[in-house]
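In case you want the letters, here they are:
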Amino acid sequence: MSKKKVAVIGAGPAGITAAYELAKAGVEVHVYEAGPRVGGLAQTIELWGQKVDIGPHRFFSNDTRVNKLWLEVAGKDYKMVDRLTRIYYKKKFFYYPLKPFDALFKLGIGTATVCMASYMKERVSPTKPDGSFETWVTSRFGKKLYSIFFKTYTEKLWGIPCHELDADFAAQRIKKLSLWEAVKNAVVGGKGNKHKTLVDQFAYPTGGTGMIYERMEQFVNANGGKVILNSPVKRVLTQNGGAIAVELENGSTEKYDETISSMPFSLMVSRLPDVPDTIREKVNALTYRNTIIVFLNVEAKNLFPDNWLYVHASDLQMGRITNFRNWVPEINCGKDSCIIAIEYWCYNEDQMWNDSNEKLIELGTQELLKTGLIGNAKISDGFVYKIPRCYPVYSRGYKDNLKPVEDYLTTLKNLHVIGRYGAFKYNNQDHSILMGLMAAENIVKGTNHNLWEINTDYEDYQEKSTITATGLSSE
Ligand SMILES: Cc1cc2nc3c(=O)[nH]c(=O)nc-3n(C[C@H](O)[C@H](O)[C@H](O)COP(=O)(O)OP(=O)(O)OC[C@H]3O[C@@H](n4cnc5c(N)ncnc54)[C@H](O)[C@@H]3O)c2cc1C
């Protein structure tokens, strides 16, 4: 039993995992969550009598620590979902992960030949890397495939040209994706490329993605901790080079031995008392991209089979379309309609961010109809969910701003910085869960895990496994 009292800021996957682990260890933990429910970006909401996530949420990890924890919380309340995702481009649907023959056939002989020729050119004389996403992808796939399958979508997502995007993004997300391996598997079969963007099944909770975090919340509340909703933290207070308390937006303050923060990195750092101006400037130079999700209730059952689709077509502003009917039947709650979620990405200053919900629903409706995916089906309702600071932008050179801030934070005692916008990391749930786990372990066991390394080097963890229908399977 630890006598420590710990504050956790934010009840997304990172924060609530940390709290769950601390509560398990008997630590008194108080979680302050700005919003009305836990789960952060990975929460599940009720809409039109169904359950939906905030965009498509496929949980996947091959880290045994993360998988064990997920299964401990999910119990048997999950199902394996067969992944089906395609790319919508030039009015055609290409399988993603790319199936080489499908892709080349749909592109047509002319384009396919140019793709193969530009791929071979890179094998003979690779494009010199300059640290950008563009050269990273081009050197692996060739200019033509890059321009068809990576450029448009990536630029929609990040809102900057690919030559201004740091190669880190590619390194994190498509590191081992190899065209050669994909071709080889298509021709001679085999287990397929094992890279994480290519898994064809994933575990999904029967109560929606957020079920995991709701259960963690219940555990914390039942085991001496408190999850306090609708309670935004204004700032972390420091004294003698260490965190000593949190101050809430409502003006109250409470003292803590340790503070774990998953609130937006820039806000947390720039509001710290005594933060040097140079650090404040660096942190304020980091940028985030916002997401707008337009949910539409479509009065039909079998529209299209995909879990989600990537929209590469440049005449559509939308980036991704999710069909929640194709996840697990439980979240559909026996309704006859499908909830479709359409994602748009923008910055604060873009017109779209300030558009009315009616206008955004109209945009989503028109664009969805244009894809032909829903035929003449009736759209009976619309709902808009706006997410500020959804994606930390890895613009080229972002590390020159990030690293000094990380170094500064490392000097502050009793402050643990975790999470997606919390630590300025392009995290999936598994990375944030691991950050929460490791932060709790540093507090409870006095370990010295370097949290900044997670989602950078952590793939090298030795004990690998995947979640299957019957539990954990070692790799
Ligand atoms: C559209 C979309 C699709 C995604 N798809 C996938 C996927 O397929 N697979 C996957 O694994 N991941 C996916 N993710 C990523 C996943 O949602 C995140 O990695 C994960 O939620 C990050 O958890 P976190 O705790 O780090 O941050 P968050 O989920 O952002 O949680 C942070 C929490 O802090 C709270 N907070 C903020 N400021 C304050 C404050 N001042 N005081 C108190 N609380 C505060 C917020 O309200 C929030 O609840 C997706 C994300 C999006 C947006």
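Figured I'd write up the structure that's included with this text.

1. Focus on the side chain of H312
Okay, step 1: Here H312 is to be found in the loop between β15 (308–311) and β16 (320–323).
Okay, step 2: Of note is the side chain of H312, whose polar atom sits 3.4 Å from the backbone oxygen of I148.

2. A look at the packing of aromatic side chains
Okay, step 1: All chains considered together, the criterion is met by 28 aromatic pairs.
Okay, step 2: The interplanar angle of 75° and the centroid separation of 5.3 Å between the aromatic rings of Y288 and F424 together place this pair among those described as edge-to-face. Of this pair, Y288 sits in strand β14 (residues 288–298) while F424 sits in the loop between β19 (415–417) and α16 (429–445); the two residues are 136 residues apart in sequence, bridging distant segments of the chain. Summarising the burial analysis for this pair, Y288 and F424 share the class buried.
Okay, step 3: Ring geometry for F324 and W327: centres 6.1 Å apart, planes at 35°, overall tilted.
Okay, step 4: Judged by relative accessible area, F324 falls into the buried class, the value being 2%.
Okay, step 5: Taking the relative accessible area as the measure of exposure, W327 reaches 6% and is therefore buried.
Okay, step 6: Sitting over the ring of W136, R140 keeps its end group 3.7 Å from the ring centre.
Okay, step 7: Across from the ring centre of Y391, 4.7 Å away, lies the NZ or CZ of R420, which sits over that ring.

3. Structural notes on the packing of helix α5 (residues 133–141) against helix α6 (residues 143–158)
Okay, step 1: Running from N to C, α5 and α6 point in directions that differ by 145°, and their axes come no closer than 8 Å. Where α5 crosses over α6, the handedness of that crossing is right-handed. On α6, the residues touching F133, E134, V137, T138 and F141 of α5 are K143, L145, Y146, F150 and T154.
Okay, step 2: Within the contact of α5 with α6, the residues separate by chemical class into 6 nonpolar, 2 polar and 2 charged.

The rules we used
- Residues numbered from 1 in each chain as written.
- Predicted model: local features only at pLDDT ≥ 70, side-chain atom pairs only at ≥ 80, totals over all residues.
- Heavy atoms only, no water.
- Helix = DSSP H or I, 4+ residues; strand = E, 2+ residues; numbered from the N terminus.
- Polar contact = N/O pair within 3.5 Å; in protein donor to acceptor, adjacent residues only side chain to side chain.
- Phe/Tyr/Trp six-rings, centres within 6.5 Å; stacked < 30°, edge-to-face > 60°.
- Buried < 20%, exposed > 50% of the residue type's maximum accessible area, 1.4 Å probe, protein only.
- Lys NZ or Arg CZ within 6 Å of the ring centre and 35° of its normal.
- Axes fitted to C-alpha atoms, helices over the stretch in contact; angles between N-to-C directions.
- Left-handed = near helix turned anticlockwise from the far one by under 90°.
- Contact = heavy atoms within 4.5 Å.
- Nonpolar A, V, L, I, M, F, W, Y, C, P; charged D, E, K, R; others polar.

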